[in-house]
Amino acid sequence: MANNTTNEVRATAKYVRVAPRKARAVVGLIRNLPVAKALEVLQFNTRAVSEDISKVLRSAVANAVNNNGMRTDDLYVKLAYVDEGPTLKRIRPRAKGSASRINKRMSHITIVVAPRKEA
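Residues numbered from 1 in each chain as written. Predicted model: local features only at pLDDT ≥ 70, side-chain atom pairs only at ≥ 80, totals over all residues. Heavy atoms only, no water.

### Section: the packing of aromatic side chains
Rules: The rule is short: rings of Phe, Tyr and Trp, with Trp giving its six-membered ring, pair when the centres are within 6.5 Å, and they are stacked under 30 degrees, edge-to-face over 60, tilted in between. Charge-over-ring contacts are defined here by two conditions on Lys NZ or Arg CZ: a distance within 6 Å of the ring centre and an angle within 35 degrees of the ring normal.
In total, this model carries 0 aromatic pairs according to the counting rule given. Here the guanidinium or amino end of R116 rests over the ring plane of Y76, the centre of that ring lying 3.9 Å away.

Encoded structure:
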């Protein structure tokens, strides 16, 4: 879906099984970069969530090219953020019959791309 006033295009991946804190560390690396450079940064990043973020970025670029007729060379990552999704609550048995809580967190990853304004 595109915002007609500013020509920005977004893509979202919901319920990604990674903690938002870990995803935000990677998303911060690609903010305000050209799309080609951002994909390169994600490709060589060692974190597992880089693959999921790369998929969302490719989806946003595909939306911009196919639905709005934009050129890939002109696009940059305007916005990239991670929201917290639902948490799966699990129990880990501990000593003396007690239990500890394990929180398995999920993320909603959103990336917005827009054409760079040449001034």
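Moving on, there is more to tell.
### With respect to the packing of helix α1 (residues 20–30) against helix α3 (residues 49–68)
Stated formally: Axes here refer to lines fitted to C-alpha atoms; in helices the fit is confined to the stretch in contact. Angles between the N-to-C directions go from 0 to 180 degrees. Each helix is a run of DSSP H or I of at least 4 residues and each strand a run of E of at least 2, with the numbering of both proceeding from the N terminus. Just so you know how the angles are binned, under 35 degrees is roughly parallel, over 145 roughly antiparallel, 65 to 115 roughly perpendicular, and the rest oblique. By the definition used in this description, the sense in which the near helix is turned from the far one sets the handedness, with an anticlockwise turn below a right angle giving left-handed and a clockwise turn giving right-handed. It only takes one pair of heavy atoms within 4.5 Å for two residues to be counted as in contact. Classification convention: Asp, Glu, Lys, Arg as charged; Ala, Val, Leu, Ile, Met, Phe, Trp, Tyr, Cys, Pro as nonpolar; all other residues, Gly among them, as polar.
Two numbers describe how α1 lies on α3: the axes approach to 10 Å, and their chain directions differ by 50°. By the angle between their axes, α1 is oblique relative to α3. Judged by the sense of rotation from one axis to the other, the crossing of α1 with α3 is right-handed. Within the contact between the two elements, α1 uses K22, A23, V26, V27 and I30 and α3 uses V49, S50 and I53. Looking at the contact of α1 with α3, its residues break down into 6 nonpolar, 1 polar and 1 charged.

### So, the side chain of S107
Inclusion rule: The rule is simple: take the accessible area with a 1.4 Å probe, protein chains only, and divide by the maximum for that residue type; under 20% is buried, over 50% is exposed, in between is partly exposed. Whenever a nitrogen or oxygen atom comes within 3.5 Å of another N or O atom, the pair is scored as a polar contact, on the condition that within protein one atom can donate a hydrogen and the other can accept it, and that pairs from neighbouring residues in sequence are kept only if both atoms are in side chains.
Note on placement: S107 falls in strand β4 (residues 99–115). By relative accessible area, S107 is classed as buried at 0%. Engagement of the side chain of S107 in a polar contact is seen with the backbone oxygen of V18, the distance being 2.6 Å.

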